[in-house]
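# Structure at a glance
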Amino acid sequence: MMRLERRAVPSRVMVWGAPLIALGLTLLAGCALFALLGVPVLAALHAFFVEPLTSRYGLGELGVKAAPLVMIAVALSIGFRAQVWNIGAEGQLIAGAIAGGSVALALYEIEAWYVLPAMVLGGLAGGMAWAAVPAFLKVRFNANEILTSLMMSYIAVLLLSLLVSGPLRDPDGFNFPESRLFHDAALLPRPWSGTRLHAGAAVALLVVVAGWVLLSRTLLGFALRVHGQAPRAARHAGFRASSLVWFSLLAGGAMAGLAGLFEVAGPIGQLLPSISPGYGFTAIIVAFVGRLHPVGVLFAGLIMALSYLGGESAQITLGLPLAVTGVFQGMLLFFLLATDVLIRYRVRTGTRT
Amino acid sequence: MSDVWILTLLTIVTAATPLVYAGIGELVVERAGVLNLGLEGLMLGGAVAAFAVAHLSGSATLGILAGLAAGVLLATLFAFLTLTLQSSQVATGLALTIFGIGLTALIGQSLVGIAFGGLPQLSVSWLSAIPVFGPLLFEHDILVYGSFALVATVAWFLSRTRAGLVLRAVGDSPESAHALGHPVIRVRYAAVLFGGGCAGLGGAYLSLAYTPMWVENMSGGRGWIALALVVFAVWQPGRLLFGAYLFGGIGILQLHGQALGLTWPSQLMSMLPYLATILVLVLISRDGGRIRRNAPASIGRPFHPTL
């Protein structure tokens, strides 16, 4: 019989060891899954994890996919540490894309340096506005932010669909639900030729650094951590819970909104009914797999980005369904949560001594 | 009353039934002190399993059982992680949803575009002949009748039986229940598996009766709405039933809006259930004392028996 025994102190080795074990277990389970689907396992693994990284274009795509995941996950992990569960990053991403994209369409005739900065402000504002709703409802009415932020995501999807099939639709687009293509002035620079890698990747790295400084070097970061671990102690220390809720949600909304703007101003170049393959939800996994630590999030973001690319590549070369990506991501989080137990407990077998 | 109205009321029943199943299961889970945010994944699991089995075997009954089994199976995964391995309930529930969406899309790939006959209507012949009330009350499929029986049973179980008392004690104070010798972890396992089975049935209803086909991600947020319903119901089975029918009614507005003379864009109509969810959450949560008095005191907190 398996038994858990609490460790006197959490294992430092396992804090970083557990994600690696989880990754290994996910790979094993993935092999089993491929075998079940009747796909040659080695070919599938190659298509999933190696193929995407063998070309310059593929490496660029890794950055394109990792940038939004990392940006959002760093901000989310700040909130998760304070036990503020912003689950609606997907909606905030869409809101940022709508607001920033609308700025681009409003300035359609203008080719000036200030178009992109204005769009960035729009993206930030859109994401923050969407996150402000659950923050306000939490602080003012004590409404559960998990459910409200999630409902706001469903509403954002519908709002985007409404706008691109109505007010923001391309007037010369034969009634397709799409906006006009953005002008060059409204597109992010792509410094690495032959790839779609855009300036958002650099911003994501800055966000990692900023998140690390905030969490480990500032009073606000300390307050957030105390609030998450011991809310009463935080209250006695004079940290206002409502400010922390506001900060957590607005930071998440700002980063998600910016990521959304980068999507439409980067790889996509216009507003479409669907602009994100679930980055906002995957970022939740990234935050947990990265141990709610900005540097961990960076690595976790790269792994998750690879799972997106792997899914696409396996679809092309082996005809596997794209949904395999979601299964991989879910499995990784499950295994991580399962191996997390090793940090605080020892696993003992046999009877009690 | 015209036929259109009777039809509209009947569709409210079909829209409410999956919410009743998922909600009443989660209510029991939360009463035992566990928060399972994976309802969406459980419902999808139930939906795809029920549809696949019903399609392959041609038997709706087998389909329903498969939906139930899939929900229990996925809930076992959740229970093992949160109760045995003490993982975070919030994170594990989210993982269950993400995993469920991916897994069901993968399994259901070959089922897309196939239609299913739907569940047979079991009418009580002489009662359903009554005008208006007959068809409204006595012409439904087995899962609709079952949902009412389930809510009544849960209400009776929680308030009138010894086992129900133990379950509530485990939810309110696992430490005391443990000290009294009650098997906290086993009770929570039972509750989580029961909740999983209920959500699986809710999913089965979606793919066998509500829209008898399989579509990727077809639960469309109903799992989350059911979670909100439990809060709205302040953990009372009777109020949950009322809430589910209220939401069923709102959901049906989007289908029958145009027939009823509403000419808003379809996207606005589709937003209504989500907006309504936020509204009822706000209305119910602003009275903090009421939530505190009724919410299971230990909800979401892991419990590790040390002795």
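## Section: the overall build of chain A
The secondary structure content of chain A amounts to 14 helices and two strands. Against the compact-globule benchmark of 20 Å for 353 residues, chain A has a radius of gyration of 21 Å, which places it among compact chains. In terms of its C-alpha atoms, chain A occupies a principal-axis envelope of roughly 80 × 60 × 35 Å. By the burial criterion, 53% of the 353 residues in chain A qualify as buried. Counted over contacts in chain A with a minimum sequence separation of 6, partners at least 24 positions apart contribute 78%.

## A look at the overall build of chain B
A tally of regular secondary structure across chain B gives 13 helices and two strands. Against the 2.2 N^0.38 benchmark of 19 Å for 307 residues, chain B shows a C-alpha radius of gyration of 19 Å, consistent with a compact globule. Principal-axis analysis of the C-alpha atoms places the extent of chain B at approximately 65 × 45 × 40 Å. Looking at chain B as a whole, 51% of its 307 residues are labelled buried. Sequence-distant contacts in chain B: of pairs separated by 6 or more residues, those separated by 24 or more amount to 78%.

## Thoughts on the interface of chain B and chain A
In this complex, chain B contributes 38 residues to the contact, which on the side of chain A involves 36 residues. For the side of chain B that touches chain A, the elements supplying multiple residues, two or more each, are α4 (89-107), α10 (222-232) and α12 (266-285) of chain B. Residue classes in the side of chain B that touches chain A are distributed as 25 nonpolar, 12 polar and one charged.

## Observations concerning the environment of F176(A)
Along the chain, the position of F176(A) falls in the loop between α6 (145-164) and α7 (200-217). Separated by 40 residues in sequence, F176(A) and F136(A) have C-alpha atoms that sit 36 Å apart.

## Regarding helix α7 (residues 162-172) of chain B
All names here are of chain B. Residues L167, V170 and G171 constitute the buried set of α7. Down the axis of α7, the buried set is contained in an arc of 100°. They therefore lie on one face. Turning to α7, the residues buried within the fold contact α1 (3-31), α8 (174-179) and α9 (184-210).

## A short note on the packing of helix α1 (residues 12-36) of chain A against helix α2 (residues 41-50) of chain A
Residue and element names in this part refer to chain A. Where α1 meets α2, the closest approach of the two axes is 9 Å, and the angle between their N-to-C directions is 120°. The angle between the axes of α1 and α2 places the two elements in the oblique class. Of the two possible hands of crossing, α1 and α2 adopt the one that is right-handed. Facing α1, whose interface residues are C31, F34 and A35, α2 presents V41, A44 and L45. Of the residues that constitute the contact of α1 with α2, the class distribution is six nonpolar, no polar and no charged.

## Thoughts on unusual backbone geometry
All names here are of chain A. Phi angles above zero are rare outside glycine, and F174 is one such case at about 55°. By the secondary structure assignment, F174 is in the loop between α6 and α7. The residue L292 is not glycine, and still its phi comes out positive at about 55°. As for its position among the elements, L292 is in the loop between α11 (279-289) and α12 (294-318).

## A look at the environment of Q270(A)
Residue and element names in this part refer to chain A. Position of Q270 relative to the elements: it lies in the loop between α10 (241-268) and α11. For Q270 and S193, which are 77 residues apart along the polypeptide, the C-alpha to C-alpha distance reads 21 Å. Other than its neighbours up to four places away in sequence, Q270 contacts E178, S179, R180, L181, F182 and V264.

## Concerning α12(B)
Between the first and last C-alpha of α12(B) there are 30 Å, a value that for 20 residues agrees with the 28 Å anticipated at 1.5 Å per step. The sharpest bend along α12(B) reaches about 35° and sits at L272(B), with the proline P273(B) one to four residues further on.

## Describing the packing of α1(B) against α10(B)
All names here are of chain B. It is at 8 Å that the axes of α1 and α10 come closest, and there the two elements cross at 55°. If you check the angle between α1 and α10, you find them oblique. For the pair α1 and α10, the sense of crossing is right-handed. Between α1, through P18, L19, A22, G23, E26, L27 and E30, and α10, the contact on the second element is made entirely by R222, G223, I225, A226, L227, L229 and V230. The residue makeup of the contact of α1 with α10, split by class, is nine nonpolar, two polar and three charged.

## Side note on the nonpolar core
Burial of nonpolar side chains together is a common tendency in soluble globular proteins. V70(A), M71(A), I72(A), M255(A), L208(B) and L229(B) are the most contacted members of the largest nonpolar core, which has 226 residues in total. The dominant element in this core, judged by the number of residues it contributes, is α9(B), at 15 residues. Other than its neighbours up to four places away in sequence, L208(B) contacts A50(B), F51(B), A54(B), A60(B), G63(B), I64(B), F116(B), G118(B) and L119(B).

## Some words on the environment of A251(A)
Residue and element names in this part refer to chain A. Counting through the fold element by element, A251 comes out in helix α10. When the C-alpha positions of A251 and A131 are compared, they lie 8.7 Å apart, and in sequence the two are 120 residues distant. In contact with A251, not counting residues within four places along its chain, are A75, I78 and G79.

## Description of the confidence of the model for chain B
Mean pLDDT over chain B: 88, with 92% of residues reaching 70 or higher. Overall fold confidence (pTM) sits at 0.90, and the ipTM for the predicted complex is 0.88.

Rules behind the numbers
Residues numbered from 1 in each chain as written. Chains lettered and ligands numbered in written order. Predicted model: local features only at pLDDT ≥ 70, side-chain atom pairs only at ≥ 80, totals over all residues. Helix = DSSP H or I, 4+ residues; strand = E, 2+ residues; numbered from the N terminus. Rg over C-alpha atoms; globule rule 2.2 N^0.38 Å. Buried ≥ 20, exposed ≤ 12 C-beta atoms within 10 Å, placed from the backbone. Contact = placed C-beta atoms within 7 Å. Nonpolar A, V, L, I, M, F, W, Y, C, P; charged D, E, K, R; others polar. Arc of directions from axis to C-beta. Axes fitted to C-alpha atoms, helices over the stretch in contact; angles between N-to-C directions. Parallel < 35°, antiparallel > 145°, perpendicular 65-115°, else oblique. Left-handed = near helix turned anticlockwise from the far one by under 90°. Expected span 1.5 Å × (residues − 1). Bend = angle between axes of the 7 residues up to and from the residue. Core = buried A, V, L, I, M, F, W, Y, C linked by C-beta atoms within 7 Å. pLDDT = per-residue confidence, 0-100.

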